[in-house]
Amino acid sequence: MDFDRPVDRRGTSSLKWEWFKEDVLPMWVADMDFPAPEAVTTALSRRASHPVYGYTLADDSLYEAVQSHLKRHFDWEVKREWILFIPGVVTGFNVAARLLKGGEALGVPTPAYPPFLSVGKNAGREMVKIPLSMENGRLALSRETLEAHCTPETRLLMLCSPHNPGGTLFSREELEDIAAFCAERDMLICSDEIHADLIMDEGKRHVPTASLSPEVAARTMTLRAPSKTFNIPGLGCSMAIISDESLRVRYKAAMDGIVPHVNLMGYEGARAAYIHGEPWLGEVLAYLRSNRDHAYAWLSKMKGIKPLLPEATYLIWMDARDVGVDNPARFFEEHGVGLSDGAYFGAPGWLRLNFACTRAMLDEGLNRMEKAMG
Ligand SMILES: Cc1ncc(COP(=O)(O)O)c(C=O)c1O
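Heads up: these notes are all about the structure in this document. (Residues numbered from 1 in each chain as written. Predicted model: local features only at pLDDT ≥ 70, side-chain atom pairs only at ≥ 80, totals over all residues. Heavy atoms only, no water.)

1. Observations concerning the pairing of strand 10 (residues 238-241)
Where we set the bar: The cut-offs for exposure are 20% and 50% of the maximum accessible area for each residue type, with area from a 1.4 Å probe on protein chains only; residues under the lower value are buried, those over the upper are exposed, and the others partly exposed. Helix and strand definitions here come from DSSP, where helices need a minimum of 4 consecutive H or I residues and strands a minimum of 2 consecutive E residues; each element is numbered from the N-terminal end. DSSP calls a pair of strands paired once it identifies at least 2 bridges connecting them.
Neither face of strand 10 is open: one carries Ser 238 and Ala 240, the other Met 239 and Ile 241, and all of them are buried. Sheet analysis places strand 2 (residues 83-86) next to strand 10, joined by four bridges and oriented antiparallel. When the bridges of strand 10 are listed, Ile 83 appears paired with Ile 241.

What follows is the structure, given as structure tokens:
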């Protein structure tokens with residue numbers, strides 16, 4: 001696929017493209033400006049041509065495609081009955097918080113993808129913030145940090161692995177330490193792995209938390225989706241994967257009557273993406289890796305900007321506190337670049353840039369940033 005060819009998304013009610021004024025380049029919310037794999041478009045068109053859009057089941061071929069993807073990419077064997085289809089990962093982690101009893105709290109490593117920061121309030125449970133530490137220009141979650149911040153009441157860890165916005169790809173050893181801590185405290189783990197297929201450090205591999213051991217799996221609810229991987233987030237098809245039967249029963253009970261079905265186009269898109277999207281994924285990763293290196297190198301040279309090199313995700317998290325303006329997000333917006341404001345992630349003065357766009361648009365955005373600072 002020619003990812004250099006721009007696709008005009010204006011007029012499609014795109015959240016990303018309609019948010020800012022027309023002269024602002026949107027480089028914020030996490031979707032890509034690239035067409036989805038052709039097989040997805042073909043499958044959706046074929047399904048749309050059948051005029052009855054009734055309640056729809058996930059069929060065998062979809063379960064098999066998911067299982068085979070997880071085995072192939074992560075060497076993770078998942079049984080069909082562990083997989084629950086849900087309409088969103090955000091829904092999935094809000095459901096997880098509803099497993100806590102009164103008086104129990106949940107721990108959220110910060111900075112955090114903004115919806116994590118409202119989960120406690122939504123569930124009527126206390127949220128404990130766990131500030132990630134900066135180690136050699138990388139956000140890390142050490143055992144010491146967990147010990148320092150988790151109270152005895154903290155019974156659920158909201159892990160985002162790989163990490164958005166920091167781009168950290170947690171290693172097996174790091175995950176083992178985190179899981180060991182959770183085991184000692186008898187804490188549940190909700191592992192949001194929505195960015196797991198988007199590894200920017202070629203040759204490195206994402207380790208699913210639940211694949212560490214059956215004991216870790218027994219306390220883990222994994223959330224996944226084809227949405228970031230294949231750029232189909234508007235289709236609303238995600239999954240909770242829970243191996244422990246009693247945990248799964250509790251999770252399903254918390255969903256009951258609240259969480260709607262996945263829509264039929266979500267299933268169609270997911271199936272086509274997992275079965276036929278592999279070559280597209282390989283190509284888009286190559287393009288994204290090149291964009292990452294390019295953007296990181298350029299941002300590193302900008303005075304006042306300190307970017308982190310993302311090991312995973314198509315997002316660059318950067319410290320803009322030395323730019324010398326009150327509100328860097330507003331400043332760059334006024335200069336024609338729409339970035340995510342770190343304040344919503346719990347880190348005022350930081351910014352997040354989405355580089356999943358054509359190289360030409362990335363260059364234009366970076367140019368505008370550079371010019372803005374004079
Ligand atoms: C870490 C993380 N979780 C969840 C989501 C959203 O997932 P969904 O659209 O399935 O609710 C995003 C989207 O950016 C994300 O970055």
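Still more to cover.
2. Re the packing of aromatic side chains
Rule in force here: Here is the rule: rings of Phe, Tyr and Trp (six-membered ring for Trp) pair when centre to centre is within 6.5 Å. Planes less than 30 degrees apart are stacked, more than 60 are edge-to-face, and the remainder are tilted.
Applying the stated criterion to the full structure yields 16 aromatic pairs. Consider the rings of Tyr 63 and Phe 85, whose centres lie 5.3 Å apart with planes at 75°: the pair is edge-to-face. Of this pair, Tyr 63 sits in helix 3 (residues 60-74) while Phe 85 is found in strand 2, placing the two residues 22 residues apart along the sequence. Centroid distance Phe 230 to Trp 280: 6.3 Å. Interplanar angle 40°. Geometry classified as tilted. Here Phe 230, found in the loop between strand 9 (220-224) and strand 10, pairs with Trp 280, found in helix 11 (residues 278-301); they are 50 residues apart in sequence, far enough to count as distant.

3. Some remarks on empty space enclosed by the protein
The cut-off we apply is this: The distinction between a cavity and a pocket rests on a 1 Å grid over the protein atoms alone: a 1.4 Å probe fits inside a cavity but cannot get out, while a pocket stays open yet meets protein on both sides within 12 Å along at least five of seven lines, and a residue with an atom within 4 Å of a point counts as lining. Grid points are joined across faces, edges and corners, and a volume is the space filled by probe spheres set on the points. In this count, Pro and Cys sit with the nonpolar residues alongside Ala, Val, Leu, Ile, Met, Phe, Trp and Tyr, while Asp, Glu, Lys and Arg are called charged and the others, Gly among them, polar.
Applying the stated criterion to the full structure yields one cavity of 30 Å³ or more. In this structure, the largest cavity encloses a volume near 50 Å³. Contributing to the lining of the largest cavity are Val 108, Pro 109, Ala 112, Phe 116, Met 158, Leu 159, Cys 160, His 163 and Phe 170. Looking at the lining of the largest cavity, the elements that each hand over two or more residues are strand 3 (105-110) and strand 7 (154-160). At three residues, the largest contribution of residues to the lining of the largest cavity is made by strand 7. Here the lining of the largest cavity is composed, by residue class, of eight nonpolar, one polar and no charged.

4. A word on the layout of surface pockets
This is how it is decided: Note: domain ranges come from an automatic or database domain assignment.
One number sums up the size of the largest pocket: a volume of about 1,100 Å³. Grouping the constituent residues of the lining of the largest pocket by class yields 26 nonpolar, 11 polar and 10 charged. Each of domain 1 (15-37 + 278-372) and domain 2 (60-276) accounts for three or more of the residues forming the lining of the largest pocket. In this model, the second largest pocket occupies a volume close to 240 Å³. As for the second largest pocket, its lining consists of 13 residues, and the residues nearest its centre are Phe 85, Pro 260, His 261, Val 262 and Tyr 267.

5. Observations concerning the pattern of salt bridges
Any two side chains of opposite charge can pair if their charged atoms end up close together. Stated precisely, the cut-off is as follows: Put simply, a salt bridge is a Lys or Arg side-chain nitrogen that is within 4 Å of an Asp or Glu carboxyl oxygen.
If you walk through the whole model with that rule in mind, you get 27 salt bridges. Here Asp 201 and Lys 204 are joined by a salt bridge, their closest N and O atoms 2.9 Å apart. Owing to a relative accessible area of 16%, Asp 201 belongs among the buried residues under this scheme. With relative accessibility at 43%, the residue Lys 204 sits in the partly exposed group. For Arg 271, the salt bridge goes to Glu 268, with nearest N and O atoms at 3.2 Å. Pair noted here: Arg 271 and Glu 268 are both in helix 10 (residues 264-276), with a separation of three residues, about one helical turn. Side by side, Arg 271 and Glu 268 carry an identical accessibility label, which is buried. A network of salt bridges, in which partner residues are shared, links Arg 138, Glu 174, Asp 201, Lys 204, Arg 292, Asp 293 and Glu 311.

6. Notes on the site of the ligand
This is how the line gets drawn: We call a residue near a molecule or strand as soon as one heavy atom of that residue lies within 4 Å of the molecule or strand. Polar contact is the term for a pair of N or O atoms within 3.5 Å; when the atoms are in protein, one must be able to donate a hydrogen and the other to accept it, and sequence-neighboring residues count only if both atoms are side-chain atoms. All accessibility values rest on the Shrake-Rupley procedure with a 1.4 Å probe; residue burial counts only the protein chains present in the view. By definition, a pocket or cavity contains a molecule when more than half of the molecule's atoms lie within 2 Å of the pocket's grid points.
Around the ligand, the neighbouring residues are Ala 30, Gly 88, Val 89, Val 90, Tyr 113, Cys 160, Asn 164, Asp 192, Ile 194, His 195, Lys 228 and Ser 238. Val 90 is positioned such that a nitrogen or oxygen atom in its backbone is 3.0 Å from an oxygen atom of the ligand. Within the side chain of Asp 192, an N or O atom sits 2.6 Å from a nitrogen atom of the ligand. Burial of the ligand by the protein chains amounts to 87% of its free accessible area of 400 Å². A molecule is said to occupy a pocket when more than half its atoms come within 2 Å of that pocket's grid points, and by this definition the ligand occupies the largest pocket. Within the shell around the ligand, the residues separate by chemical class into six nonpolar, four polar and two charged.

7. A closer look at the sheet that holds strand 9
Stated precisely, the cut-off is as follows: To get an axis, a line is fitted to the C-alpha atoms, and for a helix only the part in contact is used. The angle between two axes follows their N-to-C directions and goes from 0 to 180 degrees.
The seven strands are arranged 2-10-9-8-7-3-4 in an open sheet whose pairing can be described as mixed. The sheet is open, and its two borders are formed by strand 2 and strand 4 (126-131), each paired with just one other strand. Each strand of the sheet is rotated relative to its neighbour by a mean of 25°, with strand direction disregarded. In the sheet, strand 3 pairs with strand 7 via three bridges, with the strands oriented parallel.

8. Here's the deal with the sheet that holds strand 12 (residues 315-319)
Definition in use: By definition in these notes, contact holds between two residues if any of their heavy atoms fall within 4.5 Å.
Spatially, four strands are ordered 11-12-15-14 in an open sheet, and the strand pairing comes out antiparallel. Looking at the sheet topology across the chains shown, the edges are occupied by strand 11 (306-307) and strand 14 (340-341). As judged from the two bridges shared by strand 11 and strand 12, these two strands associate in the antiparallel manner. Residue pairing in the sheet places Pro 307 in a bridge with Met 318 of strand 12. Of the strands in this sheet, strand 11 and strand 12 touch helix 11, which is tilted by about 10° from strand 12.

9. Examining helix 4 (residues 89-97)
For helix 4, the buried fraction is high: seven of the nine residues fall into the buried class. Among all positions in helix 4, only Val 89, Gly 92, Phe 93, Asn 94, Val 95, Ala 96 and Ala 97 are buried.

10. A closer look at the pairing of strand 3
Successive residues of a regular strand alternate their side chains across the two faces of the sheet. Most of strand 3 sits inside the fold, with six of its six residues counted as buried. Alternating residues of strand 3 divide into Ala 105, Gly 107 and Pro 109 and Leu 106, Val 108 and Thr 110, and every residue in both groups is buried. Two strands pair when backbone bridges link them, and strand 3 and strand 4 are joined in this way by six bridges, in the parallel orientation. Residue pairing in the sheet places Ala 105 in a bridge with Glu 126 of strand 4.

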